[in-house]
Amino acid sequence: MKKRGLLPILMLLVMLEPPPTSAFVGQPVRARHGLVASTHEVASRVGVEILQRGGNAVDAAVAVALALAVVHPAAGNLGGGGFMLIRLADGRTTVIDYREMAPARAHRDMYVDEKGEIIPEASTVGHRAVAVPGTVAGLALALEKYGTMSWADVCRPAERLAREGVVLTHAEAESLKRAAQLLSRFPESRRIFLRDGRYYEEGEIFRQPELAETLRRLIEHGPREFYEGETARRILAEMEAGGGVITLDDLRNYRAIEREPLRTTYRGYELITVPPPSSGGVALIEMLHILEGFDLRALGHNSADYVHLLVEAMRRAFADRAQFLGDPDFARIPVKGLTSRRYAEALRQTIDPKRATPSATLSGGDAFAYESEHTTHFTVVDAAGNVVANTYTLNGSYGSGVTVRGAGFLLNNEMDDFTSKPGAPNMFGLLQSEANQIAPRKRPLSAMTPTIVLKDGKPWLALGSPGGPTIINTVLQIILNAIDFGMNLQQALAMPRVHHQWMPDQIVYEPFGLSRDTIEALRARGHAFTERPRYMGDAQAIMIEPETGMRLGASDPRRDGKPVGY
Ligand code: GLY
């Protein structure tokens, strides 16, 4: 009698138990004052040193971005572009859009032949794939408006790393070897990154004297040097030698732009994220609005019911991405509509809880295999509570493969993020519309999704990830893991992810990520899966613990990153 009476009480206690804070994947790194989470420990340390010298989060972010250009050349860059989301302690928010721009001589059909067929590799490899780099302009704008330190001070750590060299980690040495096929097509890249075929091994010191010299010029003459000085001259010589179309005018005219962030709420939390020309914020908000109508926690994490709803939300948001999104300075983008709750409600009504909606009924398209991808994200929080979430990229790993001769840095292949031909997939298998067709001085559509979440009006979580289109779904799932499932930050990043991008109409999943039963249950509802599972993302996130103000940092266990704090 007594025993039977105890059971309901025990069950009630279990139900009332707060969400778990311990986790089999360990705990986040804790710091009292400031914290940097990036994909390379050396870059995270550079940021913390800036914070300890009295710099704010923006100063540190600029120094980290420049350091990553040295220690993580697959994606850290001077020759690419990205988005920096800033929330200052006084509540001001902004987005620095330093996305690359199409050169003035770019045109709609530059990657198709006379029959209208896509020319293989034209938009992904070599000089013609390169868009006008935005990184140096973006970092300089962020520093000038929101930083406190001088340009020279935040450049110096990167210059030193390039000149003195860094000890190659296992991950970086392997990454260079994996890129051998691309990099060996360009003699300067082969010489610098592959040591002319005598590959670097982990533990060796990797020095980059040409890059150090470029950074020294930037220190001495300021950021415009990149667009107008000796560095610009070297970029133009490289373009001329390899048949690229970037001109001095393109470089001189490049400007980073400040944009209003997008905002919404999700289960009482405020969300701040990036607007077009990234699709990330719009798609993230659309999916959260759809999912807010379901009790996800009750379904169980990564259960068939949960994955079904996630995938149905992803499918719809990515179909809209393909149809509507592009550079807002060139096409009217229905951002308000796509991010409205009424629109999400209407989409929610179209989800059948027991059947997958075939993507083809949402719109047309083709299946396409995935290829490699790369971008990198880092997050910084300082002692005052300023927060920076920055994602930037060369697009593919090591971008176009082209290193600017005598300048030591790689150039992006961001032109591939445009629609080369409506209806034809890009390197991520993404189908895109006319809204994202190539035009002179236009910015290609991105998926980068640096995001900040507020709880009770105060910064609570800041995050982002690389991964091409998987970025958006990685950020979505970490937010759901933290809010809906109450996971600690390390676990929120570690949990297996799924990805669906409308077309190809299949679920990408991670090794050991879904049980066979779950996969079979989803197949029975009409879902298809990629043949082989693969890991996705390299999230870098910081949480501010509301009760203590402690900064908690987590780096994605899928890669090599490390949060460093003080
Ligand atoms: N280049 C990848 C992205 O911007 O989404």
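Residues numbered from 1 in each chain as written. Predicted model: local features only at pLDDT ≥ 70, side-chain atom pairs only at ≥ 80, totals over all residues. Heavy atoms only, no water.

Asker: Which residues make up the overall build of the protein chain, and what values go with them?
Answerer: Scanning the protein chain from N- to C-terminus turns up 20 helices and 18 strands. For a compact globule of 566 residues, the expected C-alpha radius of gyration is about 24 Å, and the protein chain comes in at 23 Å, within 12% of that figure. Taking the principal axes of its C-alpha atoms as reference, the protein chain extends roughly 85 × 60 × 45 Å. Expressed as a percentage of the 566 residues in the protein chain, the buried residues total 63%. (Helix = DSSP H or I, 4+ residues; strand = E, 2+ residues; numbered from the N terminus. Rg over C-alpha atoms; globule rule 2.2 N^0.38 Å. Buried < 20%, exposed > 50% of the residue type's maximum accessible area, 1.4 Å probe, protein only.)

Asker: How would you sum up the side chain of Thr518? Please name residues and give values.
Answerer: Following the sequence through the fold, Thr518 ends up in helix H20 (residues 516-524). For Thr518, a relative accessible area of 13% puts it in the buried group. Beyond its immediate sequence surroundings of up to four residues, Thr518 is in contact with Asn302, Ser303 and Ala304. (Contact = heavy atoms within 4.5 Å.)

Asker: I'd like a description of the sheet that holds strand E18 (residues 562-565), backed by residues and values.
Answerer: With antiparallel pairing, 7 strands are arranged side by side in an open sheet as E7-E4-E3-E11-E10-E2-E18. For this open sheet the edge positions go to strand E7 (257-259) and E18, each flanked by a neighbour on one side alone. Across the sheet, the axes of successive neighbouring strands diverge by a mean angle of 15 degrees, strand direction being ignored. In the sheet, strand E3 (residues 81-87) pairs with strand E11 (residues 387-393) via 7 bridges, with the strands oriented antiparallel. (Pairing = 2+ DSSP bridges. Axes fitted to C-alpha atoms, helices over the stretch in contact; angles between N-to-C directions.)

Asker: Lay out the pattern of salt bridges in plain terms, naming residues and giving numbers.
Answerer: Inspection of the entire model under this criterion finds 39 salt bridges. A salt bridge links Arg30 to Glu545; the shortest N-O distance between them is 2.7 Å. In this pair, Arg30 is assigned in strand E1 (residues 29-31) and Glu545 in the loop between strand E16 (540-544) and strand E17 (551-555), connecting sequence segments 515 residues apart. Looking at Arg30, the relative accessible area reads 45%, which means it is partly exposed. Of the charged contacts, one joins Arg525 and Asp305 as a salt bridge, the two residues approaching to 2.5 Å between their closest N and O atoms. On the criterion of sequence distance, the pair formed by Arg525 in the loop between H20 and E16 and Asp305 in helix H15 (residues 304-324) is long-range, its members being 220 residues apart. You can call Asp305 partly exposed: its relative accessible area is 31%. One salt-bridge network, in which partners are shared between bridges, spans Asp97, Arg259, Asp329 and Arg443. (Salt bridge = Lys/Arg side-chain N within 4 Å of Asp/Glu carboxyl O.)

Asker: I'd like a rundown of helix H11 (residues 230-242), residues and numbers included.
Answerer: Given 3.6 residues to a turn, an α-helix orients residues that are three or four positions apart in the same direction. Spanning 13 residues, H11 covers 18 Å between terminal C-alpha atoms, matching the ideal 18 Å at 1.5 Å per step. Among all positions of H11, only Thr231, Ala232, Ile235, Leu236, Glu238 and Met239 are buried. Projection of H11 onto a plane perpendicular to its axis shows the buried side chains occupying an angular sector of 155 degrees, all on one side. In this structure, H11 carries Glu240 and Ala241 as exposed residues pointing more than 90 degrees from its buried face. (Expected span 1.5 Å × (residues − 1). Arc of directions from axis to C-beta.)

Asker: Describe in detail the site of the ligand, supporting the description with residues and values.
Answerer: The full set of residues close to the ligand is Arg99, Asn395, Glu414, Asp417, Ser446, Ala447 and Met448. Within the side chain of Arg99, one N or O atom sits 3.0 Å away from an oxygen atom of the ligand. Contact distances for the ligand include 2.7 Å between an oxygen atom and a side-chain N or O atom of Ser446. Taking 200 Å² as the accessible area of the ligand by itself, protein coverage stands at 98%. Its residues assigned to classes, the shell around the ligand shows 2 nonpolar, 2 polar and 3 charged. (Near = heavy atom within 4 Å. Polar contact = N/O pair within 3.5 Å; in protein donor to acceptor, adjacent residues only side chain to side chain. Areas by Shrake-Rupley, 256 points an atom, 1.4 Å probe, with all protein chains shown as cover. Nonpolar A, V, L, I, M, F, W, Y, C, P; charged D, E, K, R; others polar.)

Asker: Can you lay out the pairing of strand E13 (residues 458-463) for me, pointing to particular residues and giving the numbers?
Answerer: A regular strand places its side chains on the two faces of the sheet in alternate fashion. Counting buried positions over the 6 residues of E13 gives 5, a clear majority of the element. Relative to E13, strand E12 (residues 451-455) runs antiparallel, the two being bridged by 5 bridges. Directly across from Ile452, in E13, lies its bridge partner Ala462. Here E12 hands over to E13 after 2 residues, with Asp456 in that stretch at a positive phi of 50 degrees. Examined bridge by bridge, E13 and E16 share 2 bridges and lie antiparallel to one another. Residue pairing across strands places Ala462 opposite Ile542, the latter belonging to E16.

Asker: Which residues make up the side chain of Thr474, and what values go with them?
Answerer: Along the polypeptide, Thr474 turns up in helix H18 (residues 470-483). Overall, the relative accessible area of 1% leaves Thr474 in the buried class. Beyond its immediate sequence surroundings of up to four residues, Thr474 is in contact with Ser465, Arg497, Met536, Gly537 and Ala539.

Asker: Describe the packing of aromatic side chains, with residues and values.
Answerer: Using the criterion set out here, one finds 10 aromatic pairs in the structure. Judged by centre distance (6.3 Å) and plane angle (90 degrees), the rings of Phe378 and Tyr392 are edge-to-face. Linking Phe378 in strand E10 (residues 376-381) with Tyr392 in strand E11, this pair joins segments that are 14 residues apart in sequence. A connected cluster of aromatic rings, assembled from ring pairs, spans Phe193, Tyr200, Phe206 and Tyr398. One cation-aromatic arrangement involves Arg195 over Tyr200; the distance from NZ or CZ to the ring centre is 4.2 Å. (Phe/Tyr/Trp six-rings, centres within 6.5 Å; stacked < 30°, edge-to-face > 60°. Lys NZ or Arg CZ within 6 Å of the ring centre and 35° of its normal.)

Asker: Explain the packing of helix H2 (residues 41-52) against helix H5 (residues 151-164) to me, using residue names and the numbers behind them.
Answerer: Interaxial distance between H2 and H5 falls to 11 Å at its minimum, and their mutual angle equals 150 degrees. As for the relative orientation of H2 and H5, their crossing is right-handed in sense. Of the residues in H5, those in contact with Val42, Val46 and Ile50 of H2 are Asp153, Val154, Pro157 and Leu161. Looking at the contact of H2 with H5 residue by residue, the classes come out as 6 nonpolar, no polar and 1 charged. (Left-handed = near helix turned anticlockwise from the far one by under 90°.)

Asker: Provide a residue-level description of the pairing of strand E8 (residues 262-266), including the pertinent values.
Answerer: The side-chain alternation of E8 yields one buried face, formed by Leu262, Thr264 and Tyr266, and one unburied face, formed by Arg263 and Thr265. Summarising the sheet, E8 and strand E9 (residues 269-273) pair through 5 bridges and their orientation is antiparallel. What sits directly across from Tyr266, in E9, is Tyr269. Counting the residues between successive antiparallel strands, the hairpin from E8 to E9 contains 2 residues, one of them, Arg267, with a positive phi of roughly 45 degrees.

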